Amino acid sequence: MYPLEAKLGALARVRLASLPTAMSPAQRLARSLGIAHLWFKRDDLIGFGFGGNKVRGLEFLLADAIARQADIVVTGAGPQSNHVRATAAAAAFAGIESLAILWGSPPPRTEGNYLLTRMLGGKVRFTGNPDRASVDAEIESVVADMARAGRRPYGIPRGGACALGVAAHILAVYETAAHCAESGIRPDLVLLAAGSGATYAGWLLGVKSLHLPWRVESVTVSRPAVEVRRRVLALGDAAAETLDLPVALSDGDVVVHDGFIGEGYGIASAEGMEAIRLTARTEGIFLDPTYTGKAFAGLAALISRGRVASEDTVIFVHTGGAPALFTARAEVL
Ligand SMILES: *Cc1c(COP(=O)(O)O)cnc(C)c1O
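Keep in mind it's a predicted model, so treat the numbers as computed, not measured.

A. Expanded view of the site of the ligand. The full set close to the ligand counts 14 residues, and Lys54, Gly195, Ser196, Thr199 and Thr319 are the nearest of them. Within the side chain of Asn82, an N or O atom sits 2.9 Å from an oxygen atom of the ligand. Between the ligand and the protein, one listed contact pairs an oxygen atom with a side-chain N or O atom of Thr199 at 2.7 Å. Secondary structure elements with two or more residues in the shell around the ligand: strand E7 (189-194) and helix H8 (198-209). Looking at side-chain class alone, the shell around the ligand contains four nonpolar, nine polar and one charged residues.

Spelled out as structure tokens, the structure:
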């Protein structure tokens, strides 16, 4: 039993994911990048509602919503959000309504995650403001209005970035540690994409709580590194405090690599698309243009700059996102 497992295991949870997710070896890709061993932690194959890392947090968030007798789940992000699509799927599974507050105005094409969200019966409302932060205040005010009108809304912040979301990723580390122990895998580096930072905060806390000698680093795909760092530390604090965990993050734990966002969040980059092509053609594994493709481009750059040694074993956390491959934005491929 790992240190926090009893505490996290006691949290109310709705089982959505097929766990543990697989660890896929990627030796052809490792060779082509020039490192000893590469593994993908396959949260893209988590199995529920087209999968991805958000499903882990939703197991706890949905259970909390049900415990509070919520009759509608309210969250938000952009039209192509994996989190919004996974939340709509989780709400459908529980027989609860869902509403997504989306920035900007309705997209010209109903495709990718937006198509899936609508197919799942998720209601959507656009802020009319292209500023992504416009979503946060709107979620709060919609939840407050609904509560005043006698409904029982359950608000989930953008990306599911909150204490319960972080907790779910601590358990992902325990899953991975168990797999590594059984299979004799000795990772030097775990690398993942950072958006809201909840996944990264959970991985850092999990590895720290087990005193594993693994470096855990991230590649930002959305915000400047300083901002990601601030958010990761805040989310780590929130999780430690809310769940009363005997572990805390310090500034030195957080490593965020910047320089791979390209033109912006959600806009495919040339390096990211090259990473998608290479991974597909060497391993038959699909990365995505918004998160994992860019993070993997970051890994390739770290290797070529000598920041990852040729004898290293790397775990790349594949956090999902495949529906974005089926959008016009991925056509630059
Ligand atoms: C949301 C998301 C991430 C980033 O996770 P955060 O917890 O928001 O940092 C990475 N990959 C995919 C596919 C995602 O949907």
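B. The packing of aromatic side chains, seen in detail. As enumerated under the stated definition, the model contains seven aromatic pairs in all. Look at Phe40 and Phe296: their rings are 5.9 Å apart centre to centre, the planes differ by 20 degrees, and that puts the pair in the stacked class. Separated by 256 residues along the polypeptide, Phe40 in strand E2 (residues 37-42) and Phe296 in helix H11 (residues 292-304) bring together distant segments of the chain. For Phe296, a relative accessible area of 1% puts it in the buried group. The structure contains a cluster of three or more aromatic residues connected by ring pairs, namely Phe40, Phe296 and Phe316. Just above the ring of Tyr291 sits the side chain of Lys54; from NZ or CZ to the centre is 5.4 Å. Note that Arg132 overlies the ring of Trp103, its terminal NZ or CZ placed 5.9 Å from the centroid.

C. Region of the structure containing the domain arrangement of the protein chain. When the domains of the protein chain are assigned, the result is domain 1 (3-52 + 162-332) and domain 2 (54-160). A C-alpha centroid distance of 23 Å is found between domain 1 and domain 2. The interface is formed by 40 residues belonging to domain 1 together with 31 residues belonging to domain 2. Carbon and sulfur atoms make up 62% of the surface buried where domain 1 meets domain 2, a total of about 2,800 Å² over both sides. Scanning the region where domain 1 abuts domain 2 turns up three salt bridges. The salt bridge partner of Asp43 is Arg56, with a shortest N-O separation of 2.7 Å.

D. The environment of Leu58, seen in detail. Here Leu58 lies in helix H3 (residues 54-67). For the pair formed by Leu58 and His83, sequence separation is 25 residues and the distance between their alpha carbons is 9.0 Å. Contact partners of Leu58, with chain neighbours within four places excluded, come to Leu16, Ala63, Ala86, Thr87, Ala90 and Ile156.

E. Layout of the environment of Leu243. On the secondary structure map, Leu243 appears in the loop between helix H9 (225-242) and strand E9 (256-257). In the structure, Leu243 is positioned 96 residues away from Ala147 in sequence and 26 Å away in space, judged by C-alpha atoms. Filtering out sequence-adjacent residues up to four positions away, Leu243 remains in contact with Lys7, Leu8, Leu11, Ala163, Leu164 and Ala167.

F. Broad picture of the pairing of strand E8 (residues 215-220). In terms of burial, E8 is a largely internal element, five of the six residues being buried. Looking at chain direction, E7 and E8 are connected through six bridges and run parallel. When the sheet's bridge partners are listed, Ala194 is paired in E8 with Thr220. Assessed by its sense of winding, the connection that carries the chain from E7 through H8 to E8 is right-handed.

G. Quick look at helix H5 (residues 112-119). If you check which residues of H5 are buried, you get Gly112, Asn113, Tyr114, Leu116 and Thr117. On its buried face, H5 is in contact with helix H4 (82-94), strand E4 (97-102) and strand E5 (123-126). After H5 finishes, the residue Gly121 shows a positive phi value of roughly 85 degrees.

H. Here's a closer look at the sheet that holds E2. The sheet built from six strands is open, its strands ordered E1-E2-E10-E7-E8-E9 with mixed pairing. The outermost strands of the open sheet, each flanked by one partner alone, are strand E1 (23-25) and E9. Sheet analysis places E7 next to strand E10 (residues 313-318), joined by three bridges and oriented parallel. Counted as the bridge partner of Leu191 is Phe316 from E10. Sheet contacts for H8: E2, E7, E8, E9 and E10; angle to E8, the most-contacted strand, approximately 175 degrees.

Reading the values: rules and limits
Residues numbered from 1 in each chain as written. Predicted model: local features only at pLDDT ≥ 70, side-chain atom pairs only at ≥ 80, totals over all residues. Heavy atoms only, no water. Near = heavy atom within 4 Å. Polar contact = N/O pair within 3.5 Å; in protein donor to acceptor, adjacent residues only side chain to side chain. Helix = DSSP H or I, 4+ residues; strand = E, 2+ residues; numbered from the N terminus. Nonpolar A, V, L, I, M, F, W, Y, C, P; charged D, E, K, R; others polar. Phe/Tyr/Trp six-rings, centres within 6.5 Å; stacked < 30°, edge-to-face > 60°. Buried < 20%, exposed > 50% of the residue type's maximum accessible area, 1.4 Å probe, protein only. Lys NZ or Arg CZ within 6 Å of the ring centre and 35° of its normal. Domains from an automatic or database assignment. Contact = heavy atoms within 4.5 Å. Buried area = accessible area lost by both parts, 1.4 Å probe. Salt bridge = Lys/Arg side-chain N within 4 Å of Asp/Glu carboxyl O. Pairing = 2+ DSSP bridges. Right-handed = clockwise from strand over helix to strand, strands pointing away. Axes fitted to C-alpha atoms, helices over the stretch in contact; angles between N-to-C directions.

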